[in-house]
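Structure at a glance
The lines below spell out each chain.
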Amino acid sequence: MKIYDELVWRGLIKDVSSPEIEEKLNNGGLTFYIGTDPTGDSLHIGHFSSFLISKRLKDAGHNPILLVGGATGLIGDPKPDTERPMITKEQVQHNFDCLKAQAQKIFGFEVVNNYDWSKDLNFIDFLRDYGKYFNVNYMLNKDIVKRRLDLGITYTEFSYMIMQAMDFYWLHENKNCQLQVAGQDQWGNITAGIELIRKKTGKEAYGFTMPLLTKSDGTKFGKTNGKAIWLDREKTSPYEMYQFFINSEDDKVIDYLKFLTFLTPEEIMELEEKNKTQPHLREAHKALAREVITFLHGEEAYEEAVQVSQTLFSGQIQNLTLEQVDVAFEGVPTVETEENEMNILDALILVGAAKSKREAREFVNGGSVLINGERIKDLEFTVKKEDAFGQSKTVIRRGKKNYFVLSIFKKSKFYNYFFLGVFFHNIVFSFVC
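Rules of the game
- All residue numbers refer to positions counted from 1 along the written sequence of the respective chain.
- Under the rules for a predicted model, residues below a pLDDT of 70 receive no local features and side-chain atom pairs below 80 are neither given nor counted, while totals for whole chains, interfaces and linings still include all residues.
- Side-chain numbers come from the whole structure's heavy atoms, not from hydrogens or water.
- Here the term patch refers to residues with relative accessible area over 30% and no salt bridge, with like charges joined within 9 Å and nonpolar side chains (Val, Leu, Ile, Met, Phe, Trp, Tyr) within 5 Å.
- Areas reported here follow the Shrake-Rupley algorithm with a probe of radius 1.4 Å; residue values treat only the protein chains shown as occluding.
- By definition here, a salt bridge exists when the distance from a side-chain nitrogen of Lys or Arg to a carboxyl oxygen of Asp or Glu is within 4 Å.
- Here the positive residues are Lys and Arg and the negative ones are Asp and Glu; neither His nor the chain ends is included.
- Here the site of a charge means atom NZ of a Lys, CZ of an Arg, CG of an Asp or CD of a Glu.
- Numbering goes from the N terminus for both helices and strands, where a helix is a DSSP run of H or I of at least four residues and a strand is a run of E of at least two.
- Only protein chains enter the area calculation, which uses a 1.4 Å probe; residues under 20% of their type maximum are buried, those over 50% are exposed, and those in between are partly exposed.
- A cavity, in this analysis, means grid points on a 1 Å lattice covering only the protein atoms where a 1.4 Å probe fits yet has no way out; a pocket is instead an open set bounded by protein on both sides within 12 Å along at least five of seven lines, and a residue lines either one if it has an atom within 4 Å of a point.
- Grid points are joined across faces, edges and corners, and a volume is the space filled by probe spheres set on the points.
- All residues other than Ala, Val, Leu, Ile, Met, Phe, Trp, Tyr, Cys, Pro, Asp, Glu, Lys and Arg, Gly among them, are scored as polar; the first ten of these are nonpolar and the last four charged.
- Polar contacts, as used here, are pairs of N or O atoms within 3.5 Å; protein pairs need one atom able to donate a hydrogen and one able to accept it. Residues neighboring in sequence count only if both atoms are side-chain atoms.
- The contact definition used throughout considers only heavy atoms, calling two residues in contact when any of these lie within 4.5 Å.
- A pair of strands is treated as paired once DSSP finds two or more bridges between them.
- We call a set of buried residues a nonpolar core when its members are Ala, Val, Leu, Ile, Met, Phe, Trp, Tyr or Cys and they connect through side-chain atoms within 4.5 Å of each other.
- The predictor rates its confidence in each residue with pLDDT, a number between 0 and 100.

1. Brief notes about a negative patch on the surface
Residues Asp5, Glu20, Glu22, Glu23 and Glu204 make up a contiguous surface patch of negative charge. Here the negative patch takes 3 residues from helix α2 (residues 20-27), the largest share from any one element. Take Glu204: it is sitting in the loop between α12 (187-201) and β5 (206-210). Assessed through its relative accessible area of 43%, Glu204 is described here as partly exposed.

2. Brief notes about the layout of surface pockets
Gaps between atoms show up when a probe of the same size as a water molecule is rolled over them. Approximately 1,200 Å³ is the volume attributed to the second largest pocket. Residue assignment for the lining of the second largest pocket shows that the elements contributing at least two residues are β6 (223-224), β7 (227-228), α13 (238-246), α17 (299-314) and α18 (322-328). With 6 residues, the top contributor of residues to the lining of the second largest pocket is α17. Looking at the lining of the second largest pocket, its residues break down into 14 nonpolar, 10 polar and 8 charged.

3. Focus: the side chain of Asn189
You can see Asn189 is positioned in helix α12. There is a polar contact of 3.5 Å between the side chain of Asn189 and the side chain of Gln164. With near-sequence residues (within four places) excluded, Asn189 lies in contact with Asp77, Tyr160, Met161 and Gln164.

4. What to know about the pairing of strand β4 (residues 177-183)
In terms of burial, β4 is a largely internal element, 6 of the 7 residues being buried. Relative to β4, strand β1 (residues 31-36) runs parallel, the two sharing 3 bridges. Paired with Thr31 across the two strands is Cys177, which belongs to β4. Examined bridge by bridge, β4 and β5 share 5 bridges and lie parallel to one another. Bridging from a neighbouring strand, Val181 pairs with Phe208 of β5.

5. A short note on the nonpolar core
By size, the foremost hydrophobic cluster in this structure holds 72 residues, and its most contacted members are Leu25, Phe208, Phe245, Leu260 and Phe329. By residue number, the principal contributor to this core is helix α16 (residues 283-297), which donates 7 residues. Judged by nonpolar contacts, the second largest core, of 27 residues, contains Tyr130, Met161, Met166 and Cys177.

6. Quick notes on the confidence of the model for the protein chain
When pLDDT is averaged across the protein chain, the result is 88; 93% of the residues are at 70 or more. Between residues 412-420, whose pLDDT stays under 50, and residues either more than four places distant or in other chains, the model counts 2 contacts. Under a pLDDT of 50 for its full length, residues 427-433 has, in the predicted model, 0 contacts with residues more than four places off or in other chains.

7. So, unusual backbone geometry
Most peptide bonds take the trans configuration, and most residues that are not glycine carry a negative phi. Its identity is not glycine, yet Asn372 carries a phi of approximately 50 degrees, on the positive side. Along the chain, Asn372 falls in the loop between β10 (369-371) and β11 (374-375). Overall, Asn372 belongs to the buried group, its relative accessible area being 10%.

8. A short note on empty space enclosed by the protein
The final tally for this structure, using the stated rule, is 3 cavities of 30 Å³ or more. What the largest cavity holds in volume is close to 50 Å³. In this structure, the second largest cavity occupies an estimated 40 Å³ of space. For the lining of the second largest cavity, the secondary-structure elements that each account for two or more residues are β9 (341-343) and β14 (402-408). Classifying every residue of the lining of the second largest cavity gives 4 nonpolar, 2 polar and 3 charged.

Right under this line is the structure:
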């Protein structure tokens, strides 16, 4: 299967600027770019689904450039419903540095910053060299602008299209870039760049877009419980990412495999059949998690994510590390205490696992209480700091799925010094009086 046919099969092509693109993609040798603005200090899984196109085309013989927009990030791509809040230059620079390092680590391709060729352009030159090539009626007909007209759109946002077109033109002239690739919401900006290149140079440039990856209800793919799935493992651990993919919608998981993995069409079709005939095995979901996590973080990270998941499923959590406990039980009801030791009944009430000592006794006597994975039936059992994970966190389970964390709060030196100071102040005050 040639690269163009494979991209179509995977559902990765929506709009094309010219029928010539099929031949050009199949022949190889194109320099192309795909970009994002540094609105955050990490890429998320939505970026990943788009940026993977750079490796697919690289493997097909093309030359990728990844653009992180330090200039356009200062302006903000118009949203359909409201204006983006501006972020400081310092924050944009910080985000750029983080995204550049991350993109180079994941993909290994050249990363450029449009701030480098935009920062010295004065307003008069901007109007003369670029603004005169853009007809306002043409810009008003672009979908994202049309959707904002009733709500209102600032001149700053309105100019974003020109800035992105400038990027394509600059890369065309300085990097021999002939193709821009982006998500479908960028189609208007891509065609604006193609028109600018044609008007200023008389040469032909090309572009195509990819459909946005969505859930069954049409919302953007890549969030769980309102949280984005980040590529930075400090923001989203491999375990959290594993849980996200393993719980993907059954009717969308094959689409995700096509978008997010390099499994062959034959391998994906085999998983599709298993997903239909043996959905309880979740083979497609496991393959999705394995492929993405291994690509991003390595095989060891994937194996650890599986281990933590299996450990939690079995309830045998005794061998987890403190770090794994922090990841696995993030979001679980957590209560801090200064006590190093506590009776099990008091602990159950404190964390909210029981409403009263009578109820707590019933839970313990009934064998439904586990402390750090061990079933406890002794009403005199003491929850101790020395037995906690890292001597700081005790995991309490009531029943099959109700988890709670008791976190031992260590007083800071300032806390101790403060009350020591109060103590001596009171003695001196008493003595003076």
